[in-house]
Amino acid sequence: MEVKIVVLKIASRCNLNCSYCYMYNLGDKTYKNQPKVMSKETIKNIYKRIIEHCEEHNIKNFGIVLHGGEPLLAGQKYIEDFIAIGNNMSEGKIAFKYGLQTNGILINKEIVDSLEKLKIHIGVSLDGPKDLNDKYRFYHNGKGSYDDVIKGIKTLLNNNSYRDRLGILSVMNINLNPIEAYQHIKELNVKGGDFLFPYGTYNNPPLGKEENVENTYYADWLIKIFDKWYDENEETRPSIRLFGDITTSILGNDIMADYLGNKNNEVLVVETDGTMEAVDGLKSCGNGFTKTGANVNSHSINQALDTPLAKLYHYSHKHLCKKCKLCPINETCGGGDLANRYSSEKGFDNPSIYCSDLEKLITHIQNKIIDRLPTELIEETGIERLSVEKIQTLRNDNIKNDQTTYEDELLGHFYAK
Amino acid sequence: MKFKFDLKSDVKKMEKHSDLLKDKFLKKEVTKTIFGGTSNPLDPSLDPNWSNNWSNNWSNLGWTNAWRNGIDW
(Lines give C-alpha, C1' and ligand atoms only; values in the text may rest on other atoms or scores of the structure.)
Protein backbone atom coordinates (compact mmCIF):
# COMPACT_ATOMS: atom_id res chain seq x y z
CA MET A 1 0.00 0.00 0.00
CA GLU A 2 1.30 3.40 -0.99
CA VAL A 3 0.47 6.86 0.20
CA LYS A 4 1.08 9.84 -2.09
CA ILE A 5 -0.69 12.54 -0.09
CA VAL A 6 -0.71 13.33 3.60
CA VAL A 7 -3.19 15.67 5.21
CA LEU A 8 -1.58 17.33 8.19
CA LYS A 9 -3.62 18.73 11.03
CA ILE A 10 -1.02 21.37 11.85
CA ALA A 11 -3.53 23.18 14.10
CA SER A 12 -6.13 21.21 16.00
CA ARG A 13 -8.44 24.10 16.83
CA CYS A 14 -10.51 26.37 14.67
CA ASN A 15 -11.59 29.98 14.93
CA LEU A 16 -14.96 28.91 13.54
CA ASN A 17 -17.48 26.45 14.97
CA CYS A 18 -19.40 25.30 11.87
CA SER A 19 -22.49 23.33 12.81
CA TYR A 20 -21.78 20.33 10.57
CA CYS A 21 -18.00 20.07 11.14
CA TYR A 22 -16.84 16.45 11.36
CA MET A 23 -13.82 17.54 13.41
CA TYR A 24 -15.80 18.97 16.30
CA ASN A 25 -19.53 18.59 15.92
CA LEU A 26 -20.34 15.13 14.57
CA GLY A 27 -19.58 13.02 17.62
CA ASP A 28 -15.77 12.83 17.70
CA LYS A 29 -14.28 14.77 20.60
CA THR A 30 -10.69 13.54 20.41
CA TYR A 31 -9.47 16.98 19.30
CA LYS A 32 -9.64 17.97 22.96
CA ASN A 33 -6.60 15.79 23.68
CA GLN A 34 -4.56 17.27 20.84
CA PRO A 35 -1.88 19.97 21.23
CA LYS A 36 -2.99 23.25 19.67
CA VAL A 37 -0.26 23.18 17.01
CA MET A 38 2.04 20.47 15.74
CA SER A 39 5.44 20.48 17.44
CA LYS A 40 8.72 20.88 15.57
CA GLU A 41 9.72 17.37 16.61
CA THR A 42 6.52 15.94 15.11
CA ILE A 43 7.08 17.89 11.88
CA LYS A 44 10.58 16.41 11.57
CA ASN A 45 9.26 12.93 12.25
CA ILE A 46 6.56 13.38 9.62
CA TYR A 47 9.10 14.30 6.97
CA LYS A 48 11.32 11.42 8.10
CA ARG A 49 8.40 9.01 7.63
CA ILE A 50 7.43 10.50 4.28
CA ILE A 51 10.98 10.35 2.93
CA GLU A 52 11.35 6.77 4.17
CA HIS A 53 8.03 5.84 2.49
CA CYS A 54 8.95 7.58 -0.79
CA GLU A 55 12.30 5.83 -0.93
CA GLU A 56 10.72 2.47 -0.23
CA HIS A 57 8.05 2.91 -2.92
CA ASN A 58 10.11 4.97 -5.35
CA ILE A 59 7.75 7.95 -5.16
CA LYS A 60 9.17 11.16 -6.63
CA ASN A 61 6.23 13.55 -6.17
CA PHE A 62 4.42 13.81 -2.86
CA GLY A 63 1.46 15.95 -1.83
CA ILE A 64 1.20 17.63 1.55
CA VAL A 65 -2.06 19.34 2.51
CA LEU A 66 -1.86 21.72 5.46
CA HIS A 67 -5.14 21.30 7.22
CA GLY A 68 -6.81 21.67 10.59
CA GLY A 69 -8.79 22.95 12.41
CA GLU A 70 -7.72 26.15 10.82
CA PRO A 71 -4.12 25.78 9.59
CA LEU A 72 -3.46 29.53 9.51
CA LEU A 73 -3.88 29.63 13.29
CA ALA A 74 -0.35 28.19 13.34
CA GLY A 75 0.90 31.45 11.81
CA GLN A 76 2.83 32.52 8.75
CA LYS A 77 6.31 32.00 10.23
CA TYR A 78 5.32 28.51 11.38
CA ILE A 79 4.33 27.53 7.82
CA GLU A 80 7.52 29.03 6.36
CA ASP A 81 9.60 27.05 8.87
CA PHE A 82 7.55 23.94 8.21
CA ILE A 83 8.36 23.95 4.52
CA ALA A 84 11.99 24.83 5.10
CA ILE A 85 12.34 21.74 7.31
CA GLY A 86 10.93 19.58 4.50
CA ASN A 87 13.22 21.06 1.90
CA ASN A 88 16.27 20.57 4.11
CA MET A 89 15.41 17.02 5.00
CA SER A 90 14.49 15.81 1.51
CA GLU A 91 17.63 17.32 -0.05
CA GLY A 92 15.77 17.74 -3.34
CA LYS A 93 15.11 14.02 -3.76
CA ILE A 94 11.34 14.43 -3.51
CA ALA A 95 9.23 17.13 -5.13
CA PHE A 96 6.69 18.20 -2.52
CA LYS A 97 3.49 19.79 -3.74
CA TYR A 98 1.77 21.80 -1.02
CA GLY A 99 -1.86 22.67 -0.51
CA LEU A 100 -3.64 24.53 2.26
CA GLN A 101 -7.34 24.35 3.06
CA THR A 102 -8.47 27.37 5.03
CA ASN A 103 -11.61 29.18 6.10
CA GLY A 104 -9.93 32.34 4.77
CA ILE A 105 -10.50 34.50 7.82
CA LEU A 106 -6.85 35.08 8.72
CA ILE A 107 -5.75 35.76 5.15
CA ASN A 108 -4.01 39.09 4.64
CA LYS A 109 -1.63 40.43 2.00
CA GLU A 110 1.51 39.52 3.89
CA ILE A 111 0.36 35.93 4.35
CA VAL A 112 -0.70 35.68 0.71
CA ASP A 113 2.70 36.91 -0.47
CA SER A 114 4.40 34.38 1.77
CA LEU A 115 2.20 31.48 0.63
CA GLU A 116 2.77 32.47 -2.99
CA LYS A 117 6.55 32.35 -2.52
CA LEU A 118 6.15 28.90 -1.01
CA LYS A 119 3.97 27.85 -3.99
CA ILE A 120 1.16 26.64 -1.81
CA HIS A 121 -2.13 25.91 -3.56
CA ILE A 122 -5.05 27.31 -1.60
CA GLY A 123 -8.64 26.22 -1.20
CA VAL A 124 -11.13 28.30 0.80
CA SER A 125 -14.29 26.92 2.41
CA LEU A 126 -17.46 28.97 1.99
CA ASP A 127 -21.06 27.81 1.82
CA GLY A 128 -22.81 30.26 -0.45
CA PRO A 129 -24.41 33.66 0.08
CA LYS A 130 -24.15 35.47 3.42
CA ASP A 131 -27.49 34.48 4.97
CA LEU A 132 -26.93 30.80 4.30
CA ASN A 133 -23.19 30.68 5.03
CA ASP A 134 -23.70 32.46 8.34
CA LYS A 135 -26.40 30.02 9.40
CA TYR A 136 -23.89 27.15 9.42
CA ARG A 137 -20.42 28.68 9.37
CA PHE A 138 -20.07 30.91 12.40
CA TYR A 139 -17.64 31.92 15.13
CA HIS A 140 -17.73 30.38 18.62
CA ASN A 141 -19.83 33.36 19.74
CA GLY A 142 -22.38 32.69 17.00
CA LYS A 143 -21.38 35.59 14.74
CA GLY A 144 -21.45 34.73 11.04
CA SER A 145 -18.14 34.42 9.17
CA TYR A 146 -19.15 35.50 5.65
CA ASP A 147 -17.84 39.07 5.60
CA ASP A 148 -14.43 38.09 6.92
CA VAL A 149 -14.10 35.16 4.52
CA ILE A 150 -14.99 37.34 1.55
CA LYS A 151 -12.32 39.81 2.63
CA GLY A 152 -9.80 36.96 2.64
CA ILE A 153 -10.93 35.72 -0.78
CA LYS A 154 -10.63 39.21 -2.25
CA THR A 155 -7.11 39.54 -0.88
CA LEU A 156 -6.22 36.24 -2.52
CA LEU A 157 -7.77 37.29 -5.81
CA ASN A 158 -5.70 40.48 -5.80
CA ASN A 159 -2.66 38.27 -6.14
CA ASN A 160 -1.84 37.20 -9.72
CA SER A 161 -0.90 33.64 -8.79
CA TYR A 162 -4.02 32.96 -6.77
CA ARG A 163 -6.38 34.61 -9.24
CA ASP A 164 -5.89 31.57 -11.48
CA ARG A 165 -5.55 28.97 -8.79
CA LEU A 166 -7.95 29.60 -5.97
CA GLY A 167 -10.76 27.12 -5.47
CA ILE A 168 -13.86 27.43 -3.30
CA LEU A 169 -15.26 24.40 -1.47
CA SER A 170 -18.92 24.53 -0.50
CA VAL A 171 -20.80 21.94 1.46
CA MET A 172 -24.13 21.41 -0.29
CA ASN A 173 -27.22 22.74 1.36
CA ILE A 174 -30.36 21.58 -0.38
CA ASN A 175 -32.38 24.31 1.30
CA LEU A 176 -30.56 26.88 -0.81
CA ASN A 177 -31.60 27.55 -4.38
CA PRO A 178 -28.89 25.68 -6.36
CA ILE A 179 -28.62 28.33 -9.05
CA GLU A 180 -28.06 30.93 -6.36
CA ALA A 181 -25.29 28.75 -4.88
CA TYR A 182 -23.62 28.41 -8.27
CA GLN A 183 -24.04 32.08 -9.15
CA HIS A 184 -22.41 32.95 -5.86
CA ILE A 185 -19.26 31.00 -6.74
CA LYS A 186 -19.30 32.52 -10.21
CA GLU A 187 -19.66 36.06 -8.94
CA LEU A 188 -16.61 35.65 -6.75
CA ASN A 189 -14.65 35.37 -10.00
CA VAL A 190 -12.77 32.28 -8.91
CA LYS A 191 -11.63 29.78 -11.51
CA GLY A 192 -12.92 26.72 -9.73
CA GLY A 193 -15.17 25.36 -7.05
CA ASP A 194 -16.87 22.26 -5.86
CA PHE A 195 -19.95 21.19 -3.96
CA LEU A 196 -19.34 18.57 -1.30
CA PHE A 197 -21.92 16.10 -0.05
CA PRO A 198 -22.42 16.74 3.69
CA TYR A 199 -20.91 14.06 5.89
CA GLY A 200 -23.48 11.76 7.43
CA THR A 201 -24.14 8.12 8.17
CA TYR A 202 -27.20 5.87 8.47
CA ASN A 203 -27.15 6.60 12.22
CA ASN A 204 -26.63 10.30 11.83
CA PRO A 205 -28.11 11.23 8.45
CA PRO A 206 -27.67 14.62 6.83
CA LEU A 207 -30.42 17.05 5.89
CA GLY A 208 -33.00 15.41 3.62
CA LYS A 209 -31.99 11.84 4.40
CA GLU A 210 -33.63 11.57 7.83
CA GLU A 211 -36.77 9.77 6.65
CA ASN A 212 -35.31 7.70 3.82
CA VAL A 213 -32.15 7.59 1.75
CA GLU A 214 -33.88 6.71 -1.54
CA ASN A 215 -34.82 10.29 -2.38
CA THR A 216 -32.65 12.22 -4.85
CA TYR A 217 -32.72 15.72 -3.38
CA TYR A 218 -28.96 16.11 -3.75
CA ALA A 219 -28.86 14.87 -7.34
CA ASP A 220 -31.77 17.14 -8.27
CA TRP A 221 -29.95 20.06 -6.69
CA LEU A 222 -26.70 19.32 -8.52
CA ILE A 223 -28.40 18.62 -11.84
CA LYS A 224 -29.90 22.11 -11.88
CA ILE A 225 -26.40 23.52 -11.47
CA PHE A 226 -24.90 21.13 -14.01
CA ASP A 227 -27.40 22.09 -16.71
CA LYS A 228 -26.74 25.77 -16.26
CA TRP A 229 -22.99 25.28 -16.03
CA TYR A 230 -22.84 22.97 -19.05
CA ASP A 231 -24.59 25.52 -21.26
CA GLU A 232 -22.28 28.36 -20.31
CA ASN A 233 -19.13 29.42 -22.08
CA GLU A 234 -16.37 26.99 -21.11
CA GLU A 235 -13.82 29.80 -21.04
CA THR A 236 -15.64 31.96 -18.53
CA ARG A 237 -17.42 29.50 -16.26
CA PRO A 238 -15.62 28.12 -13.20
CA SER A 239 -14.52 24.49 -13.29
CA ILE A 240 -16.60 22.36 -10.94
CA ARG A 241 -14.57 19.42 -9.71
CA LEU A 242 -17.41 16.92 -9.30
CA PHE A 243 -18.69 17.50 -12.84
CA GLY A 244 -15.16 17.27 -14.21
CA ASP A 245 -14.51 14.03 -12.35
CA ILE A 246 -17.64 12.30 -13.58
CA THR A 247 -16.90 13.43 -17.14
CA THR A 248 -13.32 12.19 -16.89
CA SER A 249 -14.55 8.84 -15.63
CA ILE A 250 -17.17 8.47 -18.39
CA LEU A 251 -14.38 9.14 -20.90
CA GLY A 252 -12.63 6.06 -19.54
CA ASN A 253 -10.04 7.49 -17.16
CA ASP A 254 -9.36 6.23 -13.67
CA ILE A 255 -10.20 8.69 -10.92
CA MET A 256 -8.62 8.94 -7.49
CA ALA A 257 -11.07 10.62 -5.16
CA ASP A 258 -12.57 9.35 -1.95
CA TYR A 259 -16.13 10.33 -2.93
CA LEU A 260 -16.16 8.43 -6.24
CA GLY A 261 -13.99 6.68 -8.81
CA ASN A 262 -12.11 3.45 -8.95
CA LYS A 263 -8.56 4.11 -7.76
CA ASN A 264 -7.10 3.52 -4.33
CA ASN A 265 -7.21 6.38 -1.84
CA GLU A 266 -3.50 7.00 -1.39
CA VAL A 267 -4.06 9.42 1.46
CA LEU A 268 -3.22 9.40 5.14
CA VAL A 269 -4.11 11.92 7.82
CA VAL A 270 -1.66 12.96 10.53
CA GLU A 271 -3.16 14.49 13.65
CA THR A 272 -1.54 17.40 15.49
CA ASP A 273 0.14 15.06 17.98
CA GLY A 274 1.61 12.94 15.17
CA THR A 275 -0.91 10.11 15.31
CA MET A 276 -1.70 8.67 11.90
CA GLU A 277 -5.17 7.66 10.82
CA ALA A 278 -7.41 7.01 7.88
CA VAL A 279 -9.19 10.00 6.43
CA ASP A 280 -10.66 12.47 8.90
CA GLY A 281 -14.18 12.42 7.44
CA LEU A 282 -14.55 9.01 9.10
CA LYS A 283 -14.66 10.84 12.41
CA SER A 284 -18.35 11.29 11.57
CA CYS A 285 -18.79 7.56 12.37
CA GLY A 286 -18.25 8.10 16.10
CA ASN A 287 -15.98 9.22 18.90
CA GLY A 288 -12.40 7.96 18.46
CA PHE A 289 -13.43 5.93 15.41
CA THR A 290 -10.35 6.77 13.37
CA LYS A 291 -7.75 6.16 16.08
CA THR A 292 -5.09 3.59 15.22
CA GLY A 293 -2.46 4.08 17.90
CA ALA A 294 0.23 4.64 15.26
CA ASN A 295 2.33 7.77 15.67
CA VAL A 296 5.02 9.22 13.39
CA ASN A 297 7.33 9.30 16.41
CA SER A 298 7.36 5.50 16.66
CA HIS A 299 5.66 4.01 13.60
CA SER A 300 6.25 4.02 9.87
CA ILE A 301 3.56 4.96 7.35
CA ASN A 302 3.37 1.28 6.36
CA GLN A 303 2.62 0.34 9.96
CA ALA A 304 -0.10 2.99 10.17
CA LEU A 305 -1.69 1.58 7.03
CA ASP A 306 -1.77 -1.89 8.53
CA THR A 307 -5.09 -1.45 10.33
CA PRO A 308 -8.55 -2.55 9.15
CA LEU A 309 -9.89 1.00 8.84
CA ALA A 310 -6.85 2.36 6.99
CA LYS A 311 -6.95 -0.62 4.60
CA LEU A 312 -10.68 -0.28 4.07
CA TYR A 313 -10.34 3.42 3.30
CA HIS A 314 -7.37 2.81 1.00
CA TYR A 315 -9.35 0.22 -1.00
CA SER A 316 -12.77 1.75 -0.35
CA HIS A 317 -13.83 1.53 -4.00
CA LYS A 318 -13.09 -2.20 -4.08
CA HIS A 319 -14.66 -3.29 -0.81
CA LEU A 320 -18.30 -2.82 -1.67
CA CYS A 321 -21.56 -4.19 -0.33
CA LYS A 322 -23.32 -6.74 -2.52
CA LYS A 323 -25.68 -4.18 -4.06
CA CYS A 324 -22.75 -2.02 -5.16
CA LYS A 325 -20.62 -4.95 -6.23
CA LEU A 326 -23.34 -5.99 -8.67
CA CYS A 327 -24.19 -2.49 -9.86
CA PRO A 328 -23.25 -1.67 -13.48
CA ILE A 329 -21.94 1.84 -12.70
CA ASN A 330 -19.72 1.02 -9.71
CA GLU A 331 -16.55 1.87 -11.64
CA THR A 332 -17.65 5.48 -11.74
CA CYS A 333 -19.42 5.97 -8.41
CA GLY A 334 -16.99 3.66 -6.58
CA GLY A 335 -19.62 3.08 -3.91
CA GLY A 336 -19.33 6.73 -2.88
CA ASP A 337 -17.49 8.04 0.14
CA LEU A 338 -16.73 5.40 2.76
CA ALA A 339 -18.05 7.48 5.66
CA ASN A 340 -21.44 7.82 3.98
CA ARG A 341 -21.87 4.03 3.97
CA TYR A 342 -21.61 3.59 7.73
CA SER A 343 -24.22 2.15 10.07
CA SER A 344 -23.49 0.91 13.58
CA GLU A 345 -25.23 -2.38 12.75
CA LYS A 346 -23.52 -3.35 9.49
CA GLY A 347 -20.44 -1.15 9.54
CA PHE A 348 -19.55 -0.18 5.96
CA ASP A 349 -21.43 -3.05 4.33
CA ASN A 350 -24.08 -0.71 2.96
CA PRO A 351 -24.54 1.41 -0.15
CA SER A 352 -23.86 5.10 0.33
CA ILE A 353 -26.68 7.15 1.81
CA TYR A 354 -26.25 9.10 -1.44
CA CYS A 355 -26.52 6.02 -3.70
CA SER A 356 -29.75 7.19 -5.40
CA ASP A 357 -28.24 10.65 -5.89
CA LEU A 358 -25.04 9.33 -7.43
CA GLU A 359 -27.01 7.03 -9.71
CA LYS A 360 -29.17 9.89 -10.97
CA LEU A 361 -26.37 12.44 -11.27
CA ILE A 362 -24.01 10.09 -13.14
CA THR A 363 -26.84 9.09 -15.47
CA HIS A 364 -27.67 12.71 -16.19
CA ILE A 365 -24.09 13.76 -16.88
CA GLN A 366 -23.43 10.68 -19.02
CA ASN A 367 -26.50 11.48 -21.13
CA LYS A 368 -25.44 15.10 -21.55
CA ILE A 369 -21.94 14.06 -22.60
CA ILE A 370 -23.34 11.63 -25.16
CA ASP A 371 -25.53 14.41 -26.57
CA ARG A 372 -22.42 16.43 -27.42
CA LEU A 373 -20.16 13.67 -28.68
CA PRO A 374 -20.06 12.87 -32.40
CA THR A 375 -22.70 10.24 -33.30
CA GLU A 376 -20.04 8.32 -35.24
CA LEU A 377 -17.98 7.94 -32.08
CA ILE A 378 -20.93 6.71 -30.03
CA GLU A 379 -21.88 4.20 -32.70
CA GLU A 380 -18.36 2.88 -33.22
CA THR A 381 -17.66 2.45 -29.52
CA GLY A 382 -21.09 1.03 -28.68
CA ILE A 383 -21.66 3.33 -25.71
CA GLU A 384 -25.22 3.04 -24.40
CA ARG A 385 -27.21 5.84 -22.88
CA LEU A 386 -27.76 5.25 -19.16
CA SER A 387 -31.09 5.53 -17.41
CA VAL A 388 -31.82 5.04 -13.75
CA GLU A 389 -34.39 2.36 -14.62
CA LYS A 390 -31.82 0.49 -16.72
CA ILE A 391 -29.25 0.59 -13.92
CA GLN A 392 -31.75 -0.66 -11.36
CA THR A 393 -33.07 -3.44 -13.60
CA LEU A 394 -29.58 -4.66 -14.42
CA ARG A 395 -28.54 -4.53 -10.79
CA ASN A 396 -31.65 -6.35 -9.60
CA ASP A 397 -31.15 -9.04 -12.27
CA ASN A 398 -27.51 -9.40 -11.23
CA ILE A 399 -28.51 -9.78 -7.59
CA LYS A 400 -31.23 -12.31 -8.46
CA ASN A 401 -28.86 -14.42 -10.55
CA ASP A 402 -25.86 -14.17 -8.26
CA GLN A 403 -25.56 -17.09 -5.89
CA THR A 404 -22.14 -16.11 -4.55
CA THR A 405 -21.73 -15.69 -0.83
CA TYR A 406 -19.44 -12.74 -0.37
CA GLU A 407 -17.15 -12.87 2.59
CA ASP A 408 -15.26 -9.66 3.01
CA GLU A 409 -13.07 -9.73 6.07
CA LEU A 410 -12.56 -5.97 6.13
CA LEU A 411 -16.25 -5.16 5.80
CA GLY A 412 -17.07 -7.84 8.38
CA HIS A 413 -14.64 -6.30 10.85
CA PHE A 414 -16.95 -3.33 11.44
CA TYR A 415 -20.20 -5.26 12.00
CA ALA A 416 -21.75 -4.75 15.44
CA LYS A 417 -20.28 -7.41 17.69
CA MET B 1 -23.96 -2.56 -20.62
CA LYS B 2 -21.18 -0.29 -21.84
CA PHE B 3 -21.84 3.16 -20.43
CA LYS B 4 -18.32 4.57 -20.46
CA PHE B 5 -15.36 4.49 -22.76
CA ASP B 6 -12.73 1.82 -22.49
CA LEU B 7 -9.31 3.33 -23.07
CA LYS B 8 -7.84 0.05 -24.34
CA SER B 9 -10.27 -0.30 -27.19
CA ASP B 10 -11.64 3.20 -27.73
CA VAL B 11 -8.76 5.67 -27.70
CA LYS B 12 -8.07 5.38 -31.41
CA LYS B 13 -11.75 5.88 -32.17
CA MET B 14 -11.82 8.94 -29.92
CA GLU B 15 -8.80 10.32 -31.75
CA LYS B 16 -10.38 9.65 -35.13
CA HIS B 17 -13.53 11.62 -34.31
CA SER B 18 -12.17 14.27 -31.96
CA ASP B 19 -12.10 16.92 -34.71
CA LEU B 20 -15.88 16.75 -34.86
CA LEU B 21 -16.19 17.81 -31.21
CA LYS B 22 -17.68 21.25 -30.88
CA ASP B 23 -17.92 21.53 -27.09
CA LYS B 24 -14.65 23.05 -25.86
CA PHE B 25 -14.81 21.45 -22.41
CA LEU B 26 -15.35 17.98 -23.85
CA LYS B 27 -12.71 18.57 -26.47
CA LYS B 28 -10.17 19.41 -23.77
CA GLU B 29 -11.14 16.39 -21.69
CA VAL B 30 -11.09 14.07 -24.70
CA THR B 31 -7.69 15.44 -25.75
CA LYS B 32 -6.32 14.81 -22.27
CA THR B 33 -7.76 11.31 -22.38
CA ILE B 34 -6.18 10.55 -25.75
CA PHE B 35 -2.80 11.86 -24.74
CA GLY B 36 -2.68 10.25 -21.33
CA GLY B 37 -3.40 13.23 -19.16
CA THR B 38 -1.49 15.99 -20.89
CA SER B 39 -3.15 19.14 -22.16
CA ASN B 40 -0.17 19.77 -24.42
CA PRO B 41 0.05 16.75 -26.74
CA LEU B 42 2.69 18.29 -28.99
CA ASP B 43 5.13 18.59 -26.14
CA PRO B 44 3.95 16.93 -22.92
CA SER B 45 7.06 18.10 -21.10
CA LEU B 46 5.62 21.63 -21.26
CA ASP B 47 2.60 20.49 -19.29
CA PRO B 48 3.68 20.65 -15.65
CA ASN B 49 1.08 18.16 -14.59
CA TRP B 50 1.81 15.61 -17.23
CA SER B 51 3.79 13.29 -15.00
CA ASN B 52 0.96 13.15 -12.49
CA ASN B 53 -1.74 10.55 -12.61
CA TRP B 54 -5.32 11.63 -12.95
CA SER B 55 -4.87 12.43 -9.36
CA ASN B 56 -7.72 14.48 -8.11
CA ASN B 57 -7.78 13.74 -4.47
CA TRP B 58 -8.11 15.58 -1.96
CA SER B 59 -10.29 18.21 -0.50
CA ASN B 60 -7.79 20.95 -1.18
CA LEU B 61 -9.36 22.36 -4.25
CA GLY B 62 -6.73 24.94 -5.11
CA TRP B 63 -4.45 22.16 -6.14
CA THR B 64 -6.83 20.17 -8.31
CA ASN B 65 -8.27 23.32 -9.75
CA ALA B 66 -4.83 24.30 -10.97
CA TRP B 67 -4.39 20.83 -12.37
CA ARG B 68 -7.70 20.91 -14.22
CA ASN B 69 -6.83 24.23 -15.75
CA GLY B 70 -3.42 22.91 -16.73
CA ILE B 71 -1.38 25.38 -14.73
CA ASP B 72 1.32 25.10 -12.13
CA TRP B 73 3.78 27.49 -10.58
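Just so you know, these numbers come straight off a predicted model, no measurement behind them.

Conventions adopted
Residues numbered from 1 in each chain as written. Chains lettered and ligands numbered in written order. Predicted model: local features only at pLDDT ≥ 70, side-chain atom pairs only at ≥ 80, totals over all residues. Helix = DSSP H or I, 4+ residues; strand = E, 2+ residues; numbered from the N terminus. Rg over C-alpha atoms; globule rule 2.2 N^0.38 Å. Contact = placed C-beta atoms within 7 Å. Buried ≥ 20, exposed ≤ 12 C-beta atoms within 10 Å, placed from the backbone. Axes fitted to C-alpha atoms, helices over the stretch in contact; angles between N-to-C directions. Parallel < 35°, antiparallel > 145°, perpendicular 65-115°, else oblique. Left-handed = near helix turned anticlockwise from the far one by under 90°. Nonpolar A, V, L, I, M, F, W, Y, C, P; charged D, E, K, R; others polar. Domains from an automatic or database assignment. Core = buried A, V, L, I, M, F, W, Y, C linked by C-beta atoms within 7 Å. Pairing = 2+ DSSP bridges. Right-handed = clockwise from strand over helix to strand, strands pointing away.

**Topic: the overall build of chain A**
Within chain A one finds 17 helices and 9 strands. Relative to the compact-globule value of 22 Å for 417 residues, chain A shows a C-alpha radius of gyration of 21 Å, a close match. In terms of principal-axis extent, the alpha carbons of chain A reach across some 60 × 50 × 45 Å. Look at the contacts in chain A between residues 6 or more apart in sequence, and 72% of them connect residues 24 or more apart.

**Examining the overall build of chain B**
Helix and strand counts for chain B come out as 3 helices and 0 strands. The secondary structure elements of chain B, listed N-terminal to C-terminal, are α-α-α. Within the span of chain B, comprising 73 residues, buried residues form 40% of the whole. In chain B, 6% of the contacts between residues at least 6 apart in sequence involve partners at least 24 apart.

**Some thoughts on the packing of helix α9 (residues 241-250) of chain A against helix α14 (residues 355-372) of chain A**
All names here are of chain A. Relative orientation of the contacting elements α9 and α14 amounts to 65 degrees, with a least axis distance of 10 Å. For the element pair α9 / α14, the angle class is roughly perpendicular. With respect to the hand of their crossing, α9 and α14 are arranged in right-handed fashion. Touching Phe243, Ile246, Thr247 and Ile250 of α9 are Ile362, Ile365, Gln366 and Ile369, all from α14. Classifying every residue of the contact of α9 with α14 by side-chain character gives 6 nonpolar, 2 polar and no charged.

**Comments concerning the domain arrangement of chain A**
Residue and element names in this part refer to chain A. When its domains are assigned, chain A resolves into domain 1 (5-312) and domain 2 (319-413). Spacing between the C-alpha centres of domain 1 and domain 2 amounts to 26 Å. Residue-level contacts link 35 residues of domain 1 with 30 residues of domain 2. Counting only elements with at least two residues in the side of domain 1 that touches domain 2, the list comes to α8 (217-231), α9 and α11 (308-314). Along the lines of polarity and charge, the residues of the side of domain 1 that touches domain 2 split into 20 nonpolar, 11 polar and 4 charged.

**Some remarks on the nonpolar core**
Residues and elements named next belong to chain A. In terms of nonpolar packing, the biggest core is built from 124 residues, with Val6, Leu8 and Leu268 touching the most fellow members. Per element, the largest residue contribution to this core is 8 residues, and it comes from α8. Shared between two domains, this core takes at least three residues from each, and those domains are domain 1 (5-312) and domain 2 (319-413). Leaving out residues up to four positions away in the same chain, Leu268 has contacts with Val3, Val6, Met276, Ile301 and Ala304.

**Thoughts on the sheet that holds strand β6 (residues 192-196) of chain A**
Residue and element names in this part refer to chain A. As summarised here, the arrangement of the 9 strands in space is β7-β6-β5-β4-β3-β2-β1-β8-β9, forming an open sheet in which the pairing is mixed. Both edges of this open sheet fall to β7 (239-240) and β9 (276-277), since each of them pairs with a single strand only. Judged from the 5 bridges that link them, strand β5 (residues 167-171) and β6 form a sheet pairing that is parallel. In the strand pairing of β6, Gly167 is matched with Gly192.

**Quick look at the pairing of strand β1 (residues 5-9) of chain A**
All names here are of chain A. Among the 5 residues of β1, 5 are classified as buried, and the element is accordingly described as predominantly covered. Here β1 shows a buried face lined by Ile5, Val7 and Lys9 and a second buried face lined by Val6 and Leu8. Both β1 and strand β2 (residues 61-67) contribute to a ladder of 5 bridges, which runs parallel. Counted as the bridge partner of Val6 is Ile64 from β2. Regarding topology, helix α1 (residues 40-57) serves as the crossover connection from β1 to the parallel β2, and that connection is right-handed. Where β1 lies against strand β8 (residues 267-270), 4 bridges are found, and the strand directions are parallel. Bridge pairing in β8 places Val7 opposite Val269.

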